[in-house]
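Given next are the chains, with one letter for each unit.
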Amino acid sequence: MAAATQQLAWGRFTLRRDAWWLQPLLVILGLGGFGLYSTYRVFENAHYVAGLYQSPLGSPDLRGYVPWLQAFVPFTISPALLILPFPLLFRLTCYYYRKAYYRSFFTMPPACAVRGASSHAYPGERGIFLLQNLHRFFLYLAILILVILWYDTALAFGLETGHLVVGLGGFLFLGNVILLSGYTFGCHSLRHLVGGKLDCYSCDEGSKARYKVWQRVSWLNTNHMGWAWASLFSIWAVDLFVRFLDIGLIRDVRLL
Ligand code: FES
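One structure accompanies this document, and this report is about it. (Residues numbered from 1 in each chain as written. Predicted model: local features only at pLDDT ≥ 70, side-chain atom pairs only at ≥ 80, totals over all residues. Heavy atoms only, no water.)

Here's the deal with empty space enclosed by the protein
Rolling a probe over the atoms, with the probe sized like a water molecule, indicates the empty space that remains. To keep it simple, the criterion reads: With a 1 Å grid spanning the protein atoms alone, the term cavity applies to any set of points in which a 1.4 Å probe fits but cannot get out, the term pocket to an open set with protein on both sides within 12 Å along at least five of seven lines, and the term lining residue to any residue with an atom within 4 Å of a point. Grid points are joined across faces, edges and corners, and a volume is the space filled by probe spheres set on the points. Put simply, DSSP marks the helices as runs of H or I at least four residues long and the strands as runs of E at least two long, and each gets a number from the N terminus on. Residue type decides the class: Asp, Glu, Lys and Arg count as charged, Ala, Val, Leu, Ile, Met, Phe, Trp, Tyr, Cys and Pro as nonpolar, and the leftover types, Gly among them, as polar.
Summed over the entire model, instances satisfying the criterion amount to 2 cavities of 30 Å³ or more. Considering only enclosed or pocket space, the largest cavity measures out at about 40 Å³ in volume. Among the elements of the structure, α6 (135–156) and α7 (168–184) are those that each provide at least two residues to the lining of the largest cavity. Grouping the constituent residues of the lining of the largest cavity by class yields 4 nonpolar, 3 polar and 1 charged. Quantified by volume, the second largest cavity comes out at close to 30 Å³. Looking at the second largest cavity, the residues that line it are Phe-90, Cys-94, Tyr-95, His-135, Tyr-183, Cys-187, His-188 and His-224. A per-class count over the lining of the second largest cavity returns 5 nonpolar, 3 polar and no charged.

Describing a nonpolar patch on the surface
This is how the line gets drawn: Exposure above 30% relative accessible area and no salt bridge define the residues that can form patches, which grow by joining like charges within 9 Å and nonpolar side chains of Val, Leu, Ile, Met, Phe, Trp and Tyr within 5 Å. All accessible areas in this document rest on Shrake-Rupley with a 1.4 Å probe, and a residue is counted as covered only by the protein chains that are shown. We count a salt bridge whenever a side-chain nitrogen from Lys or Arg sits within 4 Å of a carboxyl oxygen from Asp or Glu.
A grouping of Leu-164, Leu-168, Phe-171, Leu-172, Val-253, Leu-255 and Leu-256 is seen on the molecular surface, where their side chains present a nonpolar patch of about 680 Å² in accessible area. Tracing the chain through its elements places Leu-255 in the segment after α10 (224–246).

Brief notes about the layout of surface pockets
In this structure, the largest pocket encloses a volume near 660 Å³. Lining the largest pocket are 31 residues, with Phe-34, Pro-87, Leu-88, Arg-91 and Leu-232 sitting closest to its centre. Mapped by element, the contributors of at least two residues to the lining of the largest pocket are α2 (22–44), α3 (79–83), α4 (85–92), α5 (95–104), α6, α7 and α10. Considering only residue class, the lining of the largest pocket consists of 25 nonpolar, 5 polar and 1 charged.

Topic: the pattern of salt bridges
Quick reminder of the rule: Exposure categories follow from relative accessible area, calculated using a 1.4 Å probe and restricted to protein chains: below 20% of the type maximum is buried, above 50% is exposed, and the middle band is partly exposed.
With the rule as written, the count across this model stands at 8 salt bridges. The partner of Arg-98 in a salt bridge is Glu-125, with the nearest N and O atoms 2.7 Å apart. Within this pair, whereas Arg-98 is found in helix α5, its partner Glu-125 is found in the loop between α5 and α6, the two being separated by 27 residues in sequence. Residue Glu-125 is classed as partly exposed on the basis of its relative accessible area, which comes to 24%. Ionic contacts of the salt-bridge type, sharing partners, join the residues Arg-41, Glu-44, Asp-239 and Arg-243 into one network.

Re the environment of Leu-193
Selection rule: The contact criterion used throughout is that any non-hydrogen atoms of two residues lie within 4.5 Å.
Inspection of the secondary structure puts Leu-193 in helix α8 (residues 188–195). For the pair Leu-193 and Val-66, spaced 127 residues apart in sequence, the C-alpha separation works out to 32 Å. Apart from residues no more than four positions distant in its own chain, Leu-193 is found in contact with Arg-136, Leu-139, Tyr-140 and Arg-210.

Shown next, in the form of structure tokens:
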């Protein structure tokens, strides 16, 4: 009887019997966990640098460019507070993440053929969601930050020391920027930028070149979700590495 009642109640939301709830749950855990961790790091305001390594959560450190900002707040501004909003807006307006958090956090709906718990029907990307259209501009900023993170990776391999340094940290930094590049250069907006508004892909050298770039961006775009998650976790891992290194919890493994 109890099972039948439960089945009836469940049936009001969906007739699906598979684990449709698992994906939204994992998204909540992943995005929610990273959100909590990065908020903690912003307010911890320490351990962004350890030796040659500069954490991606605090790079670039913009405080030197806007020192007057400090006069407006009663706490010491952390580098993460100044830089994180830009990659955060890039990810929040990303086509993949939109789908993920509309489903998981807003239940609009949580999965195919499942009724959302939200009392409001999905209104489309109007109102506040119109801001999603700014994604292309956040892409430009993300590319700029990516260039700086590649430079940080070169520093992790000893660029400024005058000799090659090969350590665990360098490999972590390298893996992180490769994953971030895969995510950024597989962006749907970039795909449109390089290949859109063209009627012919083979009419002249310019359109042929754009077609080739479009093919590469499309290849990355095929698994945009995978790049999105892998790069999110790699940022998390690299920041933890730098933080643990700086507080003396771990030591870098050096080969050279
Ligand atoms: S669509 Fe995901 S980064 Fe642009």
